[in-house]
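# Summary of structural features
Chain by chain, the residues:
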Amino acid sequence: MGIKGLTKLIGDNAPRAIKQQDAKALFGRKVAIDASMCIYQLLVAVRMGADNLTNEDGMVTSHLNGLFYRTIRLIELGIKPIFVFDGKPPSMKGGELAKRAEAKKAAEEAAKKAEEDGNLELAEKFARRVNRITPEMMAACKTLVRAMGVPAVEAPCEAEAQCAELVKHGLAYATVSEDMDSLTFGTNKLVRQLWSGVSASAQKKGHTPTEFSLDVLLEDLDLKMHEFVDLCILCGCDYVDGIKGVGVVKALSLMREHKDLAKAVEALKRLDRYEVPDPYPVDALREMFFKPEITAAKDVSLKWGKPDEAAIKKLMVEDNQFDETKIANGIKRLLLARKTSNQVRVDSFFKPKSAPNAGALAAKRKAAALAAKSKGKKRRSPGLSKGKIMKKGKLGNK
DNA sequence: ACTCTGACTCAAGACGAT
DNA sequence: GTAATTGAGTCAGAGT
DNA sequence: ATCGTCC
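Quantities reported herein were computed from a predicted structural model and do not represent experimental measurements.

Quick look at the protein's contact with DNA strand D now. Close contacts around DNA strand D come from 12 residues, with Thr54, Thr61, Asn320, Asp323 and Lys326 the closest. In DNA strand D, the atoms that sit within 4 Å of the protein are 75% sugar and phosphate, with bases accounting for the remainder. Here a base oxygen of DNA strand D and a side-chain polar atom of Asn65 are 3.4 Å apart. Of the residues contributing to the surface near DNA strand D, the split by class is three nonpolar, five polar and four charged.

In C-alpha cells, the structure reads:
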C-alpha cells in the first residue's frame, strides 16, 4: 500500500508539487493507467446489492462496464490512455501480502470443506469471499481495451513500476493511479482521482483530478531522489513494515539529518525506544524501487488504432450479455470522439470553456488547512452543536 | 502546550429516466 | 445474515 | 438533482 500520510506531508511541505486541475488539462496527452487499481475500484463499487454484475455463466462483469465507459470518456476528452496490467507479484512483498494471502486461503479452505460436506450453497458463499481479480478478468479487460483501439501493456511485475518506466522515457506524460508509490518508482507526474473529472456523475463528489510533480516535490522537500525513496521505505511500504513511532514527519527529519536510510536506521536502533524490523535489508529494499522488474520502454510499442466494432460486440454482447444497443451507442460515441478530438487537435486554439479554478481551489484548501491548524482548539467546544449527530446504525440485536 | 502517530470510521461507478 | 481493500478524515493520547 | 439499473 501507499505511504500513509505522504499526501499530507507533501501538501504541508511542498504544496507546489500538487495541482488540482480539470481532466481537460490532459488533452492530447498520453497517460499510463494502472489498470489493476482501476479494475479493483470498479469491482468494489459496482454491485447489485451484495453481488457484482455477472454474465450468464456467473462470471463477474462489473469491471467491463466501467472500463468501457471510462475509456470512451477519456477518448472524448482527447486523452490517450495506455492501460498497464500487473504481472506476478514481486518476490519481496512481506507482511501485507502474506496477511492477505492468509485471509484468502482461509476462505478457500472453508469453501473446499463445505463442498466436501456436500453443502454447495455454503461453498459458493465462501468462494465468493475470495475477492480477487482473476486472470480471466484481466484477459477480458485487455481484450476490451485493445478492441477499443487502446494499447494494453502487460507488465512483468508491478504495473506502477512499468508506468513509471513509460513516463521516464516519454512514452506517457503521467501515471494514473491512486497509489503514491508511483512517485517512489520515479514517475515524474502522477494523476490521482482522474475519474472524478472524467465522468459527469462523479464530478461533484468533491474530488478533483490532482497532479503530483515529482521534480517539484524533490526540490521543495529538499531531497534527492534516492533520499525520497529512503524516506518512503522508512515510513513502511509493501516490502517492509514501518517502525512504530516513526511516521512521515519524523521520517522526513531523519532523512534530512542523515541523508541515508542505513544511517537513519542505525540511529533509531541506538535509541532502544524503537523496534526496527529485524531483517532490514536496506540495499534490497532500495532495489525494489530502483531496479524493479519491468519491460524496458524501448521494447514497448504503443498503438492507438481504430476500434474493432465486431470484437467489442463479441466480448460485451455475445460473451457477457451487455445490452446491444448500449454497446452500439458506446461504439458510436467512441468513433465520433476519435474524429472530433483529431479535428480539435488541429485547431488548437479551441478555448476551454470552463475556467480552470484549480489554483484558486488549491489555495483555498490550503488556507483552510492553515486556519484550522492555527485556530486548533478554538472550534473544538462549540463545534459539536451541529446536527451531525448520527445514530450509529448498529442495532445490535433483533 | 504542541506535535505526531495510530486506531477508528466512512465510502467507494456510470448512466439515464424522472 | 451475506464480503473486503483502500485512502482520507477525525480523534485520543503518547512522546517531546 | 436523485435514484434505480446495469449483467
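What follows is about helix H1 (residues 6-13). Within the span of H1, buried status applies to Leu6, Leu9 and Ile10. End-on, the buried residues of H1 take up no more than an arc of 95°, which puts them together on one face. Buried residues along H1 sit in contact with strand E1 (18-20), strand E9 (210-213), helix H9 (214-221), helix H10 (225-235) and helix H11 (248-258).

The relation between two aromatic rings is expressed through the spacing of the ring centres and the mutual angle of the planes. Taken as a whole and assessed by the stated rule, the structure comprises three aromatic pairs. Between the aromatic rings of Phe68 and Tyr69, the centroid separation amounts to 5.3 Å while the plane-to-plane angle is 70°, which identifies the pairing as edge-to-face. An angle of 65° between the planes, with centres 5.4 Å apart, marks the rings of Tyr239 and Phe289 as edge-to-face. One end of the pair, Tyr239, is in the loop between H10 and H11; the other, Phe289, is in helix H13 (residues 282-290), with 50 residues separating them in the sequence. What makes Tyr239 buried here is its relative accessible area of 7%. Linked through ring pairs, Phe185, Tyr239 and Phe289 together constitute an aromatic cluster. For Arg29, the ring lying beneath its charged end belongs to Tyr173, and the centroid distance is 3.9 Å. Just above the ring of Phe85 sits the side chain of Lys142; from NZ or CZ to the centre is 5.4 Å.

Okay, the side chain of Ser177 next. Locating Ser177 in the fold gives a position in the loop between strand E7 (174-176) and helix H8 (181-184). According to the relative accessible area criterion, Ser177 is buried, its value standing at 3%. Polar side-chain contacts of Ser177 include one of 3.0 Å to the backbone nitrogen of Asp179.

The next thing to look at is the confidence of the model for chain A. On average, residues of chain A score 81 in pLDDT, and 75% of them reach the 70 mark or higher. Predicted confidence in chain A is weakest over helix H17 (residues 380-383), with a mean pLDDT of 30, and strongest over helix H14 (residues 309-319), with 97. Below a pLDDT of 50 lies the segment residues 347-398, which in the model reaches 13 contacts outside its immediate sequence neighbourhood of four places, other chains included.

Moving on: the domain arrangement of chain A. By domain assignment, chain A separates into domain 1 (15-221) and domain 2 (223-292). A combined buried area of about 1500 Å² lies between domain 1 and domain 2, and 64% of that area is made up of carbon and sulfur atoms. Our enumeration of links across domain 1 and domain 2 arrives at zero salt bridges. Across the domain 1-domain 2 interface, the total number found is four residue pairs in polar contact (both at pLDDT 80 or more). When residues of the side of domain 1 that touches domain 2 are traced back to their parent elements, those giving at least two are H8 and H9. Among the elements that take part in the side of domain 1 that touches domain 2, H9 stands out by supplying five residues, more than any other. Among the residues making up the side of domain 1 that touches domain 2, the classes are represented as nine nonpolar, three polar and four charged.

Cut-off values and rules
Every chain begins its residue count from 1, and numbering advances along the sequence as written. Chains carry letters from A onward and ligands carry numbers from 1 onward, assigned in written order. pLDDT decides what is reported in this predicted model: residues at 70 or higher carry local features, side-chain atom pairs at 80 or more are listed and counted, and totals for whole chains, interfaces and linings draw on all residues regardless. Hydrogens and water molecules were not included; the side-chain quantities draw on all heavy atoms of the structure. Neighbouring residues are identified by heavy atoms, a residue being near a molecule or strand if any of them is within 4 Å of it. For this analysis, a polar contact is any N or O atom pair within 3.5 Å, provided that within protein one partner can donate a hydrogen and the other can accept it, and provided that sequence-adjacent residues contribute only side-chain to side-chain pairs. Gly falls in the polar group here, along with every residue not listed as nonpolar (Ala, Val, Leu, Ile, Met, Phe, Trp, Tyr, Cys, Pro) or charged (Asp, Glu, Lys, Arg). Burial classes follow relative accessibility: with a 1.4 Å probe on protein chains only, a residue under 20% of its type's maximum area counts as buried, one over 50% as exposed, and anything between as partly exposed. Helix and strand definitions follow DSSP, with helices as H or I runs of at least four residues and strands as E runs of at least two, each counted in order from the N terminus. What the arc describes is the spread of directions from the helix axis to the C-beta atoms. Residues are treated as being in contact if the distance between any of their heavy atoms lies within 4.5 Å. Centre distance within 6.5 Å is the pairing criterion for rings of Phe, Tyr and Trp, where only the six-membered ring of Trp is used; planes under 30 degrees apart are then read as stacked, over 60 as edge-to-face, and the remainder as tilted. By the criterion adopted, a ring carries a charge over it if an Arg CZ or a Lys NZ lies within 6 Å of its centre and within 35 degrees of its normal. Scored from 0 to 100, pLDDT reflects the predictor's confidence in each residue. Residue ranges for the domains trace back to a domain assignment, done automatically or taken from a database. Here the quantity called buried area is the accessible surface, traced with a 1.4 Å probe, that two parts lose on coming together, added over both. Definition used for salt bridges: Asp or Glu carboxyl oxygen within 4 Å of a side-chain nitrogen of Lys or Arg.

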